[in-house]
Each structure stands twice: as C-alpha cells, then as structure tokens.
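Coordinate analysis (summary)
Residue strings, one per chain:
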Amino acid sequence: MPSRPIRIRTTSQSFDWDREFATSRKDYYHWTQWIFEKLFEHGLVFRSKTLVNYCPHCKVVLSNEDSQGGQCDICHSDVVQLSKDVWFLRITQYADKLLEGLNHVDYPESIKQQEISWIGKSTGAFVDFPLDETDEKLEIYTTRCDTLYGVTFMVVAPEHPVLDKYKDRIKNWGDVEAYRLGCAKKTEFERTQLAKDKTGVKIEGLAAVNPITGKKIPLFIADYVMMGYGTGAIMAVPAHDQRDYEFARKFGMDIVQVIKGGNIKKEAYSGDGEMINSGFLNGLTNKKDSIEKMLQYLAEKGIGHKGVQYKMKDWAFNRQRYWGEPIPLIHCPKCGTVLVPENELPLELPPVKNFEPGTDGQSPLAKIPEFVNCTCPKCGGPAKRETDTMPQWAGSSWYFLRFCDPHNDKVFADRKKLEYWMPVDHYNGGMEHVTRHLLYSRFWHHFLYDIGEVNTPEPYAKRTYQGMILGADGEKMSKSKGNVIDPVDIVNEYGADTLRTYVMFMGDYASAAPWSDESVKGCRRFLDRVAGLTDIMTAQKEDPQIEADLHKTIKKVSDDIENMKFNTAIAALMTLLNEFTKAGSITRADLITYIKLLSPFAPHITEEMWQYIGMNPDGKTFLTVSEWPSYDEDKTRDVEKEIGVQVNGKVRASIRLAVDCPREEALSRGKAEPNVARYLEGKTIVKEIYVPGRILNIVVK
RNA sequence: GCCGGCGUGGCGGAACUGGUAGACGCCCGGGACUUAAAAUCCCGUGGGUAGCGAUACCCGUACCGGUUCGAUUCCGGUCGCCGGCACCA
C-alpha cells in the first residue's frame, strides 16, 4: 500500500477512488467465495488424486499456468511432479468456449495465438488395445488412427496404473520399478529437454493386442510418454512417428510402413501418401478420408471413438498458503463435502501467528482448531473445514465486475449496472497475463454468463499489451543488475510531465524499449519550449499555413491517441511547436488548442498555462475537463503539395503542385525541370504516370 | 521441431491503400550568447564520389531473387533476433 499510491499520484494518473476495493478484504472475497460455490453447485469443482506440479520451496501445489516452463511462478524454483489429492476447477470443460470466444473479441493476433496454443486442442481418436490373456483394455489416444495397421508395439508412461495392477504377472518387475524410480527423480526439465535419447523397459509377461490385426505386440514403459496427456499410453507407429521410430530402432522393433513416401530406412515419414499394408484403407491417398474411414470402422466394432484432447489441464485450485480466500467447503464424515451455507459467507480468514506452510503439506489454517472444527450444515454433526486457500487468481478473475458496483453488499454486482458497463471496453496489460489472468477470468466470466449472472460471454471487448521499459543497458530492469529506474526519482528531477511525455514518446507502445536519460532531457526541453509559447502569444491574425497544420495536428493527435500511437502524437506536437517557434508568434486560440492536445501527456504544465492565459477565472474551469478540440476535415487537406518527379522511377526533381493540378499541367511542369529535361533528351517517352499529390513518373526508352 | 512477431542511420524510432525512405527526439559537429562553463538559441547531420560552391551522381530499409512505371510495404527463398508452445502421441 504505501509506495504505490504515491507513484500513482505523483504521476497524476486519474482514478475514481470511490470505486476502490481490495480482493483481500472480506466484503470482496465474500463474492469470490460465492462464485466458487456456484462453480461447485454446477459440477465444475472436483477433487482428484493425480500428478500435479508442486513447488518444494513454497511447499505449495501449483496449477499448470502457475508453473510455466517448469518453474514456480512465485519463487522460480523448479517444480516437481507429485501425486496429490487436489481440488480442481474444470476449466477444460470451457476449452471450446474459450477458443470460440476469441472470434468475437478485438485482441492482437499474438495474444489469440498464445491462448490457442496454451489450450492446445487436438482432434483424434481413443482406441482400446486389449491386454493379452486379461480382460483389461488399454486405452490410447492418437491423432492418426489411420495408421493402426502400422502399430508394432505400445508404450505406457512410467506412472501408468496398469503396471501396478498386473504387477505379479510382470516377470521383470525389478527392472520396471528401477526405471520408474529413475524417472521420478528427474525434473521435468531433465525429462523433456535433456533426455532426448529414448529410454525404456520392455514389460516381460504382459503383451498387448493390436485390435485391428489381432497380432500380439510388445508393451514398454518409457518416459517419452507422459501421464498427463491423453491416456498416458500410446500406440507406437514407428514408420510414421519420429519418436516411435527412434525408440523402435533402439529396441529392435519392427517398422511397418503404411503410408507411401519418404525414406523409412532413414527416418519416420509423417507426410501424406497412398495407404498400404492397411487392409480396407489400402489405396486411399487422402489423410482425411482414411482417418474418417477408420473412425467409422472403430465405431462399428466398438473398439474406439472420435475424441479431442487439450494440452490445457484442469485448474489445480487449492493452495497451502495462508494468504488466500478460504475455500468454503466442509468435510463431513457422514455427508461428504458440503458447501458453507450462503448466508454464512464470507468465510473469514482467521488471524494466525505463523504464516509458513507446514512440512506436512498442510496450510497454516490446519493448525487452528477453532477454524478447522465446525458442525456440518447438513446433519449438524462434527465436521472439519477445508484448510487450503484459493490461488491469487481467484479474486482477480472477476474484479472488473466489482468495479461496476463496488459497494454492493447484496450481490456481487447489480445486474443493471453490469449491463450498463460490461463488457470491459479495453483491457491493456502485460503479455505475462495472457495464459493466466486473461484465461482464468475469461473462464469465470463464461461460466457466469452460462448461469445467467452476466450479460455477455466475453468479459473484454478489446485487449492490448504494452512493451516493457528496459534498463539503459537494454536488459530487463532488475535490482541485481542495478539498472532499475524509479519513476519517483525522475519526477523529482524533471517533473511528472516529463516522465509521462517521455514514457509515451520513447517508442512504439507495444514494443520493449531501453531507458535513456538523454532522451528524458529532450522531453523536458520540449516542455520548457512549450511553456515559452505564452511569451510569443499575439493578437495577430493566424497564418493560413499554420491554420492548416493546426487542423492536421488535431486530427493526427486525436487518431494517434485512439490507436495508441502515442509516440507519433507527441512527435506531431513537437513539429507544430517548431512551426510556432519559427513563426515567432501564436494566437491565443491556437495556444488554447495546442495545450489541450498536449494535456493528456503533460497535464500539469498545460493546466498552469491554461490558468496563466486566463482560461480559469473562477478557479473551477479546468483544462482537464474542457472539451477536446475538433478539426475541420477540409482544412486538414493540403491545397498544394511537394511531389517528386521521377524518370524511370528515379527521383530527378521535386515540384510544388496544387493537389488538383490537372495531368497535362503537371506533366509539362515536371518536364520543364532542368534536371528532368536532361534525362528526357533524345529519349522516347513510353509511359507517363501521374498520381495527384503523390508522384509524377516519366518512363523513357 | 511447431506457432506468432520482427529485422530501417551512431541510438529510440517515423513512413497513408505500393508513390520523394529516415518524420520527431537523442547523440555528435559548427556557430551565437558568456570573462568562462552550464543552460538557452541558430545551423548541419544515412554512406560514398566529383566540385571552392550552388549542386549533381552512385549506393542504401538483414541477404538473394521476382512482380511493378515505381517495393521498407506485395510474392518466393535464405539468414538472424524476440516471444509462446513443445518427446502432446
């Protein structure tokens, strides 16, 4: 709290402080818990024991989104995969809606792509492979079910449960266990980045059956198959999948080509081609057709069906942290999991002495008996509260809705107010939130829309992002590099107007740009020169050229601000200033317009100038709330323009022409230029191009 | 490997729908003011060749090629950088 408002105020950022709230206050998280309960009621909260990301340093279970790149979002240590009993939000159920919704919003392509690739939808088929001499069927997921005839072995992930089930039939259980242990020790990084060399163990005593050929095929465990994607088991088609190919080569498995093409002696072939060795698929040449035909066959025989897979996983939602919204669930030995009744919300976070999570994997709340022990709202018997808390993204997943109605204590926000304000017109933020906050909040909002609580499926109409301001050395600012710029220091030395102007002027808004002290000074110089305009204010009539330029600048600055091209807006204002300075005078009317245009960037100095020239006689008529200048479209159009005269596409002269100058006149004027005439002499004119106001080009031979 | 984006002076960056590349700012050089310095103001500033000079010509938007009267812009290829995903079956 202490430093942030100072920065916000010293740089004169404007907020409606009446709408201020904090997601950590109970009058806010009341409604975060309420939304959680709605999710629970609609079957979107479930508990499951699976492999999850765990940060050994923070001692906390993390979601996939919070452990991108295999690192903890908070402390950046490597996460490990542990089998844990975890609360999940079924975000995958909204995967298709999250994808489809992207078609109806104004987001940059890069952001859409990032969301799409994070969701990672793929269409394929689930196929059952019988385990020989058992009733067990091993389900696999494949995107190329048309290559089923080329399956020569199967691979399951080291963690696959089928192994434990048939433990006593596996003759080399010792080897299998040793391999599993080795895999468990590896970090995600080692397993995916370093271990490109295929490893695995053949399961002795257990074999699979290719459901389409009836042939017995060997079964392996190998860590190139992940438990977290698909079913954790694959059918291996070495002829047409490079990973399977490498594995087959190493373990001496058969490689059966089923698609013509490539050089199977050297590598797997994943391209298109005629189907061979594939029974009823033989002769088909189109991937789409053969997949379709195989799917039909699988469905008829009841051995497989069409299916989709997502890389995105369900949202691991509970954290073993103190600072988070308590999860409003009660564990009753009789009734199971029961929601805290709505009228008992908010379920308050109890005060605690020690914030550290316990070594037992429990949250600090577990150590408070008064909190843990409660009565079941259903049966009235003794019960225990869930002691984990929600992740930081919970409260932020709907805050924009609360801004519409921040003090409502009856509902999370009044429906009429939501309808008035939503959707958010423009959400600008960092790229780092695209696969976290943006994704999560879109999910919650889609859900609230589905249950009729909000009026639009998508929360944000438009999304943009800003580039990072780098240190003067071109590196990301960091304390350890010592290249951090504190905006308050800049304000103290040059003023808030200079800081604001510089930050907007320093480069393209969406691109990263290094800090430059020298350029900051340049912006200060600019503002000092602006301040000097009052000295040359005159009552004289305005020059027509200046008038035209003024109108052009109003247009440009207005458009540029709208399109977030702040750097060129400021450049246009600098150019116009240069003109006034050169002319040595500015009319009062022009000065008024000028400072209005500059005021979003430099609100203080322009407000002062406004007052200085008598625009605020009653002390209440502020520039900040004055009307934005308008322009006359006709006056933004040049009457005359300097255009280039080319001969064979090379500029040989430059002439000033009326924009509506007729073709004949333009041509004769152009040809009359000595340096043009020089190139025309003795040549035949083949073609003459004249684009009024743009170019004159004479093609000769 | 796949997806998205980018590559323009010494630097940050401009350039409409294909129409005089380098706006604007910084740095740098020269000059004015000053006893002097800082600040400020004025002039110059992509590279090269010729000329005392005005000026003229050549080269130039990562590289190679294409389309076009004309390409930073469109197309094909190559290289490099940034971001995202990744043994994803």
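Residues numbered from 1 in each chain as written. Chains lettered and ligands numbered in written order. Predicted model: local features only at pLDDT ≥ 70, side-chain atom pairs only at ≥ 80, totals over all residues. Heavy atoms only, no water.

Moving on to the overall build of chain A. Within chain A one finds 24 helices and 25 strands. At 34 Å, chain A has a C-alpha radius of gyration far larger than the 27 Å of a compact globule built from 701 residues. Projected onto the principal axes, the alpha-carbon positions of chain A cover approximately 100 × 80 × 50 Å. When the 701 residues of chain A are sorted by exposure, 47% land in the buried category. Intrachain contacts of chain A at a sequence separation of at least 6 include 67% that bridge at least 24 residues. Carbon together with sulfur atoms contributes 51% to the accessible area of chain A, which is approximately 35500 Å² in total. (Helix = DSSP H or I, 4+ residues; strand = E, 2+ residues; numbered from the N terminus. Rg over C-alpha atoms; globule rule 2.2 N^0.38 Å. Buried < 20%, exposed > 50% of the residue type's maximum accessible area, 1.4 Å probe, protein only. Contact = heavy atoms within 4.5 Å. Areas by Shrake-Rupley, 256 points an atom, 1.4 Å probe, with all protein chains shown as cover.)

Inspection of the secondary structure puts Thr-587 in strand E21 (residues 586–587). Of the polar contacts made by the side chain of Thr-587, one reaches the backbone nitrogen of Asp-590; its length is 3.1 Å. Those residues within four positions of Thr-587 in sequence are excluded, and the remaining contacts are Met-537, Thr-538, Gln-540, Lys-541 and Glu-542. (Polar contact = N/O pair within 3.5 Å; in protein donor to acceptor, adjacent residues only side chain to side chain.)

Right, let's get into the packing of aromatic side chains. Within the structure shown, the criterion is met by 38 aromatic pairs. Taken together, a centroid distance of 6.2 Å and an interplanar angle of 70° make the contact between Tyr-149 and Phe-280 edge-to-face. Of the two residues, Tyr-149 is situated in the loop between strand E5 (137–142) and strand E6 (153–156) and Phe-280 in the loop between helix H8 (242–251) and helix H9 (287–301); the sequence distance between them amounts to 131 residues. By way of ring pairs, the aromatic residues Phe-21, Tyr-28, Trp-31, Trp-34, Trp-398, Tyr-399, Phe-400, Phe-403, Phe-412, Tyr-427 and Tyr-460 are connected into one cluster. We note Arg-463 situated over the ring of Tyr-427; from NZ or CZ to the ring centre the distance is 4.2 Å. (Phe/Tyr/Trp six-rings, centres within 6.5 Å; stacked < 30°, edge-to-face > 60°. Lys NZ or Arg CZ within 6 Å of the ring centre and 35° of its normal.)

The geometry of helix H16 (residues 496–505) relative to helix H21 (residues 603–612) is characterised by a closest axis approach of 7 Å and an angle of 125° between their N-to-C directions. When the axes of H16 and H21 are compared, the pair comes out oblique. Between H16, through Ala-496, Asp-497 and Arg-500, and H21, the contact on the second element is made entirely by Pro-603, His-604 and Ile-605. Its residues assigned to classes, the contact of H16 with H21 comprises three nonpolar, one polar and two charged. (Axes fitted to C-alpha atoms, helices over the stretch in contact; angles between N-to-C directions. Parallel < 35°, antiparallel > 145°, perpendicular 65-115°, else oblique. Nonpolar A, V, L, I, M, F, W, Y, C, P; charged D, E, K, R; others polar.)

In this section: the nonpolar core. Membership of the largest hydrophobic core comes to 66 residues, with the highest contact counts inside it found for Leu-39, Leu-89, Trp-315, Leu-401, Phe-412, Phe-443 and Trp-444. Among residues more than four places away in sequence, those in contact with Trp-315 are Ser-63, Trp-87, Phe-88, Leu-89, Ile-91, Pro-391, Trp-393, Ser-397, Tyr-440, Phe-443 and Trp-444. (Core = buried A, V, L, I, M, F, W, Y, C linked by side-chain atoms within 4.5 Å.)

What follows is about the sheet that holds strand E22 (residues 640–647). Strand order across the open sheet formed by four strands is E23-E22-E25-E24, with mixed pairing between neighbours. Each of the sheet's edge strands pairs with one partner strand only, and the pair in question is strand E23 (650–658) and strand E24 (685–691). This sheet shows a mean twist of 15° between the axes of neighbouring strands, independent of strand direction. Bridge count for E22 against strand E25 (residues 695–700) is four bridges, and the pairing is parallel. Bridge pairing in E25 links Val-647 to Ile-698. (Pairing = 2+ DSSP bridges.)

Moving on, we get to the pairing of E23. By the bridge criterion, eight bridges tie E22 to E23 in an arrangement that is antiparallel. Within E23, the position partnered with Ile-643 by the bridge is Ile-655. Linking two consecutive strands that pair antiparallel, namely E22 and E23, is a turn of two residues; a positive phi of about 50° is found at Asn-648 within it.

Considering all chains together, one arrives at 36 salt bridges under this definition. Ionic pairing is found between Lys-552 and Asp-549, a salt bridge with its closest N-O pair at 3.6 Å. Note that Lys-552 and Asp-549 are positioned in helix H18 (residues 544–562) at a spacing of three residues, about one turn of the helix. Given a relative accessible area of 11%, Asp-549 falls into the buried group. Between Asp-634 and Arg-637 there is a salt bridge, with its nearest N and O atoms 3.0 Å apart. (Salt bridge = Lys/Arg side-chain N within 4 Å of Asp/Glu carboxyl O.)

Before going further, it helps to examine the confidence of the model for chain A. Residue-level pLDDT values for chain A average 91, and 98% of them are 70 or greater. For this predicted complex, the interface score ipTM comes out at 0.94, while the overall pTM is 0.90. (pLDDT = per-residue confidence, 0-100.)

The next point concerns helix H15 (residues 487–494). Buried within H15 we find Ile-490, Val-491 and Tyr-494. Looking straight down H15, one finds its buried side chains confined to an arc of 100°; they lie on one side. Among the exposed residues of H15, those oriented more than 90 degrees off its buried face are Asn-492 and Glu-493. Structurally, the start of H15 carries an N-cap: the backbone nitrogen of Val-488 is 2.8 Å from a side-chain oxygen of Asp-486. Looking one or two residues beyond H15, the residue adopting positive phi is Gly-495, at roughly 100°. (Arc of directions from axis to C-beta.)

Read from one edge of the open sheet, three strands run E5-E4-E10, paired in antiparallel fashion. Two strands close off the open sheet at either side, each with one partner strand: E5 and strand E10 (304–309). Averaged over all adjacent pairs, the angle separating strand axes in this sheet is 30°, with direction ignored. Taken together, the six bridges between strand E4 (residues 122–130) and E10 define a ladder with antiparallel strand orientation.

Looking at chain direction, strand E1 (residues 45–55) and strand E3 (residues 80–89) are connected through 10 bridges and run antiparallel. From the neighbouring strand, Val-45 faces E3, where its bridge partner is Leu-89. The pairing of E3 with strand E11 (residues 315–316) spans two bridges and is classified as antiparallel. Bridge pairing in E11 links Phe-88 to Ala-316.

The N-to-C vectors of helix H4 (residues 109–119) and helix H14 (residues 437–450) enclose an angle of 75°; their axes lie 11 Å apart at closest approach. The angle between H4 and H14 falls in the class roughly perpendicular. Residues Ile-111, Glu-115, Trp-118 and Ile-119 of H4 form the contact with H14, whose own contacting residues are Leu-438, Leu-439 and Arg-442.

Locating Thr-636 in the fold gives a position in helix H22 (residues 633–636). When sequence neighbours within four positions are dropped, the list of residues in contact with Thr-636 reads His-551, Lys-552, Lys-555 and Tyr-631.

Another point: the state of the cysteines. By the definition in use, this model includes zero disulfides. Sulfur of Cys-72: no disulfide; nearest cysteine sulfur belongs to Cys-75 and is 3.7 Å away. You can call Cys-72 buried: its relative accessible area is 1%. Distance from the sulfur of Cys-379, which forms no disulfide, to the nearest cysteine sulfur (Cys-332) is 3.6 Å. Given the relative accessible area of 37%, Cys-379 is considered partly exposed. (Disulfide = S-S within 2.5 Å.)

Right, let's get into H9. Spanning 15 residues, H9 covers 21 Å between terminal C-alpha atoms, matching the ideal 21 Å at 1.5 Å per step. Buried within H9 we find Ser-290, Ile-291, Met-294, Leu-295 and Leu-298. On an axial view of H9, the arc spanned by its buried residues comes to 135°, and they lie on one face. In H9, the exposed positions angled more than 90 degrees off the buried face are occupied by Lys-288 and Glu-300. (Expected span 1.5 Å × (residues − 1).)

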